[in-house]
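Structure assessment
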Amino acid sequence: GAVVSQHPSWVICKSGTSVKIECRSLDFQATTMFWYRQFPKQSLMLMATSNEGSKATYEQGVEKDKFLINHASLTLSTLTVTSAHPEDSSFYICSAVTSGGANEQFFGPGTRLTVL
Amino acid sequence: AQTVTQSQPEMSVQEAETVTLSCTYDTSESDYYLFWYKQPPSRQMILVIRQEAYKQQNATENRFSVNFQKAAKSFSLKISDSQLGDAAMYFCAIFGNEKLTFGTGTRLTIIP
């Protein structure tokens with residue numbers, strides 16, 4: 001149980017375009033999802049906390065208008081990278097929590113974004 | 001704010017031997033959780049072990065155990081009988097104030 005999927009697993013786009021990444025909890029309802037960013041050979045950095053039916057809470061330094069997060073249902077959160085640039089190239093990972101609480105996060109397999 | 005420090009960027013161990021990965025943390029929270037995650041080349045984050053800060057007893061999961069020293073804010077991971085499949089990046093993390101903060105990771109190599 002507690003499986004989280006991400007789609008796509010790898011995306012390449014041109015600079016200036018927007019890219020949407022989906023995060024789904026497959027076998028449980030997730031009131032809260034988290035979005036992380038991981039640069040090569042570095043750690044995961046929390047970008048934002050996404051709560052179903054409300055606005056996401058962004059970490060300091062993360063541009064809200066750049067990284068749009070929508071958590072429209074209990075099983076789906078989306079991250080849209082708007083007007084992507086090469087410096088946005090990274091590995092994006094989502095996690096979802098069950099009713100057990102936010103300390104019990106289940107991670108998706110990640111999405112590799114390459115912006116040309 | 002909470003921070004996690006992993007002072008060993010890389011470690012190696014002979015297959016079947018025991019290795020200990022170090023982790024120290026800092027937090028102003030009184031209620032928090034500590035984790036070790038494994039990230040293999042597939043980059044899927046896998047929970048290895050979890051420790052509730054209010055529990056004095058060290059967590060154990062099969063070959064994996066921790067040495068939790070709350071006063072020293074230390075949370076090391078011991079892997080016994082190392083196997084080739086243990087090769088991965090290992091991240092120590094703390095959950096407090098509704099956020100999960102990761103250390104910089106330790107790359108573990110298993111020598112056959």
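Residues numbered from 1 in each chain as written. Chains lettered and ligands numbered in written order. Predicted model: local features only at pLDDT ≥ 70, side-chain atom pairs only at ≥ 80, totals over all residues. Heavy atoms only, no water.

1. Looking at the packing of aromatic side chains
Heads up, the condition is: Two aromatic rings from Phe, Tyr or Trp, using only the six-membered ring of Trp, form a pair when their centres are within 6.5 Å; if the ring planes differ by under 30 degrees the pair is stacked, by over 60 it is edge-to-face, and anything between is tilted. The helix count covers DSSP runs of H or I at least four residues long, the strand count covers runs of E at least two residues long, and both are numbered beginning at the N terminus. To sort residues, take the accessible area from a 1.4 Å probe on protein chains only and compare it with the maximum for the residue type: under 20% means buried, over 50% means exposed, and anything in between is partly exposed. Ring-over charges, as used throughout, are those where CZ of Arg or NZ of Lys falls within 6 Å of the ring centre and within 35 degrees of the ring normal.
The final tally for this structure, using the stated rule, is 13 aromatic pairs over all chains. Between the aromatic rings of A:Y36 and B:F102, the centroid separation amounts to 5.8 Å while the plane-to-plane angle is 80°, which identifies the pairing as edge-to-face. On the criterion of chain membership, the pair formed by A:Y36 in strand β4 (residues 32–38) and B:F102 in strand β11 (residues 99–102) is interchain, its members lying in two chains. Accessibility classification places A:Y36 together with B:F102 in one group, the buried group. The ring of A:W10 has A:R112 sitting right over it, with the charged end atom 5.8 Å from the ring centre. The positively charged end of B:R43 is found above the aromatic ring belonging to A:F91, 4.0 Å away from the centroid.

2. Some details on the sheet that holds strand β3 (residues 19–25) of chain A
Residues and elements named next belong to chain A. Put simply, the rule reads: Strands were regarded as paired on the criterion that DSSP finds at least two bridges between them. Convention adopted: a line fitted to C-alpha atoms gives each axis, helices being fitted over their contacting stretch, and angles between N-to-C directions are expressed from 0 to 180 degrees.
Read from one edge to the other, the open sheet built from 4 strands follows the order β1-β3-β8-β7, with strand pairing classed as antiparallel. The sheet is open, and its two borders are formed by β1 (4–7) and β7 (67–73), each paired with just one other strand. Strand after strand, the sheet turns through a mean of 15° between neighbouring axes, direction not considered. Inspection of the sheet shows β1 paired to β3 by 4 bridges, in the antiparallel sense. For H7, the partnering residue across the bridge sits in β3 and is E22.

3. Section: the side chain of A:S50
All names here are of chain A. This is how it is decided: Each polar contact in these results corresponds to two N or O atoms within 3.5 Å; when the atoms are within protein, one needs to be able to donate a hydrogen and the other to accept it, and residues that are neighboring in sequence are counted only if both atoms are side-chain atoms.
Along the chain, S50 falls in strand β5 (residues 44–51). Exposure remark for S50: the relative accessible area of 1% places this residue in the buried category. Of note is the side chain of S50, whose polar atom sits 2.8 Å from the side chain of H71. Within the structure, S50 has its side chain in polar contact with the side chain of S77 (distance 3.3 Å).

4. Thoughts on the state of the cysteines
All names here are of chain B. Stated precisely, the cut-off is as follows: Any two cysteine sulfur atoms lying within 2.5 Å of each other are counted as a disulfide.
Scanning the model with the defined rule gives 2 disulfides over all chains in all. A disulfide bridge connects C23 with C92, and the sulfur atoms are separated by 2.0 Å. Residues C23 and C92 are joined by a disulfide whose S-S torsion is about -70°; by sign, that bridge is left-handed. Here C23 is found in the loop between β3 (19–21) and β4 (24–26), whereas its partner C92 is found in strand β10 (residues 88–96), with 69 residues between them in sequence.

5. Considering the interface of chain B and chain A
How we decide: Contact criterion: two residues are considered in contact whenever any of their non-hydrogen atoms come within 4.5 Å of each other. Summed over both partners, the accessible surface that disappears when two parts come together, traced with a 1.4 Å probe, is what is meant by buried area. Criterion for a salt bridge: a side-chain nitrogen of Lys or Arg within 4 Å of a carboxyl oxygen of Asp or Glu.
Between chain B and chain A, the residue contacts involve 17 residues of the former and 19 residues of the latter. Together, the buried faces of chain B and chain A total about 1500 Å²; carbon and sulfur atoms form 52% of this surface. At the junction of chain B and chain A, the tally comes to 1 salt bridge. Note that B:K99 and A:E59 form a salt bridge whose closest N and O atoms lie 3.0 Å from each other.

6. Description of the pairing of β7(A)
Residues and elements named next belong to chain A. Inspection of the sheet shows β7 paired to strand β8 (residues 76–81) by 5 bridges, in the antiparallel sense. For S73, the partnering residue across the bridge sits in β8 and is L76. Once β7 ends, the chain turns through 2 residues before running back antiparallel as β8.

7. Some remarks on the environment of A:S15
Along the chain, A:S15 turns up in the loop between β2 (10–13) and β3. For the pair A:S15 and A:K64, spaced 49 residues apart in sequence, the C-alpha to C-alpha distance is 19 Å.

Fair warning: the whole summary comes from geometry, so function is off the table for now.
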